[in-house]
Amino acid sequence: MRNILARANREVLEQFAWSRVLLAFDYDGTLAPIVSDPDRALMRATTRRLLRELAKLYPCIAISGRAQRDALRLLRGVGMREIVGNHGMEPWHASDGLAQLVAGWVPLLQERLAGLPGVKVEDKGFSVAVHYRRSRAKKVARSAILEAAGALGDARIIGGKLVVNILPQGAPHKGIALLRERQRLECDTALFVGDDETDEDVFSIHQPGRLLSIRVGRRTSSAADYYITSQRDIDELLRALLVLRQAADLLEPPWGRQRHAT
Ligand SMILES: [Mg+2]
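Definitions and limits used
Residues numbered from 1 in each chain as written. Predicted model: local features only at pLDDT ≥ 70, side-chain atom pairs only at ≥ 80, totals over all residues. Helix = DSSP H or I, 4+ residues; strand = E, 2+ residues; numbered from the N terminus. Rg over C-alpha atoms; globule rule 2.2 N^0.38 Å. Buried ≥ 20, exposed ≤ 12 C-beta atoms within 10 Å, placed from the backbone. Contact = placed C-beta atoms within 7 Å. Domains from an automatic or database assignment. Nonpolar A, V, L, I, M, F, W, Y, C, P; charged D, E, K, R; others polar. Arc of directions from axis to C-beta. Pairing = 2+ DSSP bridges. Right-handed = clockwise from strand over helix to strand, strands pointing away. Expected span 1.5 Å × (residues − 1). Axes fitted to C-alpha atoms, helices over the stretch in contact; angles between N-to-C directions.

K.L.:
Just to check I follow, could you spell out the overall build of the protein chain for this structure?
P.N.:
Along the protein chain, the regular secondary structure elements total eight helices and eleven strands. Relative to the compact-globule value of 18 Å for 262 residues, the protein chain shows a C-alpha radius of gyration of 19 Å, a close match. Dimensions along the principal axes, computed over C-alpha positions, put the protein chain at roughly 60 × 35 × 30 Å. A total of 262 residues make up the protein chain; the buried ones form 44% of that total. Within the protein chain, contacts between residues separated by at least 24 positions form 58% of all contacts whose residues are at least 6 apart in sequence.

K.L.:
Sorry if this is basic, but what is going on with the domain arrangement of the protein chain here?
P.N.:
Put simply, an interface is often sized by how much accessible area is lost when its parts join up. Partitioning the protein chain into domains gives domain 1 (2–91 + 172–249) and domain 2 (96–168). Just the C-alpha atoms count here: the centres of domain 1 and domain 2 sit 26 Å apart. Facing the 13 residues of domain 1 at the interface are 13 residues of domain 2. Class assignment of the residues belonging to the side of domain 1 that touches domain 2 gives a composition of three nonpolar, six polar and four charged.

K.L.:
Looking at this structure, I do not really get helix α1 (residues 10–17). What am I missing?
P.N.:
Note on helix geometry: an α-helix contains 3.6 residues per turn, so any two residues three or four positions apart are oriented the same way. Listing the buried residues of α1 in full gives L13, F16 and A17. Taken around the axis of α1, the buried residues stretch over an arc of 100°, which confines them to a single face.

K.L.:
Got a minute to help me understand the pairing of strand β3 (residues 60–63) in this structure?
P.N.:
If a strand is regular, its side chains alternate between the two faces of the sheet. Of the two faces of β3, the one carrying C60 and A62 and the one carrying I61 and I63 are both buried. The sheet contact formed by strand β2 (residues 21–25) and β3 spans three bridges and is parallel. If you follow L23 over to β3, its bridge partner there is C60. Each parallel crossover has a hand, and the one from β2 via helix α2 (residues 45–57) to β3 is right-handed. Sheet topology places β3 next to strand β4 (residues 82–84); three bridges connect them, and they run parallel. Bridging from a neighbouring strand, I61 pairs with E82 of β4. In the classification by handedness, the crossover that spans β3, the intervening helix α3 (residues 68–75) and the parallel β4 is right-handed.

K.L.:
Can you walk me through the pairing of strand β6 (residues 128–131) in this structure?
P.N.:
Of the two faces of β6, both are covered, the one formed by V128 and V130 as well as the one formed by A129 and H131. A loop of four residues connects strand β5 (residues 120–123) with β6, the two strands running antiparallel in sequence, and G125 in this loop sits at a positive phi of about 85°. Across four bridges, β6 lies against strand β8 (residues 163–168) in antiparallel orientation. Each residue of the ladder has a partner; that of V128, found in β8, is I166.

K.L.:
I'm lost on helix α5 (residues 138–150) in this one. Help?
P.N.:
Taking 1.5 Å as the rise per residue, α5 with 13 residues should run 18 Å; its terminal C-alpha atoms sit 18 Å apart, in good agreement. Within α5, the full set of buried residues consists of A141, A144, I145, A148 and A149. Down the axis, α5 shows its buried residues gathered within 130° of arc, on one side only. Exposed residues on α5 whose side chains face more than 90 degrees from its buried face are K139, S143, E147 and G150. Where the residues of α5 are buried, they touch α4 (96–112), β6, β7 (155–160) and β8.

K.L.:
How do you make sense of the sheet that holds strand β1 (residues 2–3) when you look at a structure like this?
P.N.:
Consider a sheet: its strands pair through backbone hydrogen bonds, and that pairing is either parallel or antiparallel. Taking strand neighbours across the sheet as the criterion, the seven strands line up as β1-β11-β10-β9-β2-β3-β4 in an open arrangement whose pairing is parallel. Each edge of the open sheet is held by one strand with a lone partner, namely β1 and β4. Across two bridges, β1 lies against strand β11 (residues 226–228) in parallel orientation. From the neighbouring strand, R2 faces β11, where its bridge partner is Y226. On top of the sheet, α3 reaches β3 and β4; it is set at about 135° to β4, its chief contact.

K.L.:
Help me out: how do you make sense of unusual backbone geometry in this one?
P.N.:
Peptide bonds are trans in most cases, and residues, glycine excluded, mostly fall at negative phi. Along the chain, E90 connects to P91 via a cis peptide bond; the corresponding omega equals 5°. The topology assignment puts P91 in the loop between β4 and α4. Even without being a glycine, D154 presents a positive backbone phi close to 60°. Residue placement: D154 occurs in the loop between α5 and β7. Its 10 C-beta neighbours within 10 Å are what place D154 among the exposed residues. Phi is positive for E186, close to 55°, though the residue is something other than glycine.

Pasting the structure below:
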């Protein structure tokens, strides 16, 4: 894994910035710092301002594990071309069948986890997140959640930062969503930044020269090729992308005129 902000890797960033590139970002832990109350996970004012500028120069999207309407609320006014929710399922793959499957899980999980203080079952319509950030016995909570999730059947279980994500087995994931959006928005390349387990579905797509994957936080077991050291560094990455395209805009833009976000 290499630091994308290191001088030695500037050329890689440059090549992507000057191509017809789609910029895609996870939300929690990537654009916004992780906080104990997910409802208050807001971007820093600097991040929001940079992102808004960036969205005028590049097609930008978010791919979040949050329900789409929830992510829309947090990213309103930024100029994103699409907000993909539920780890890649919304809006394109959000079917009644998946919703029904998940609706059946929620009461079962609530019943099985009722006795665990600090554990919260979040129904996101097309997937479930069981949070245990507020639990005092985190190990106990985690194993109970994994056991309850394992008993559901037809579920894909993905760990995360003090959360267990439960998704319909075989449902489209973040990687599929990114490839679809890249094609739909007529881009040749994509840059994706994420920080957690479900982002590995993107990181593990190996398309050198066409996909640049960046993890927030260095971790050798990750499939991402590049990293930024911490969430704070997202601002520096956004700034670098902005500067690169502003510089190129003085010349004939190689990516052609892109429709600006609304
Ligand atoms: Mg995240």
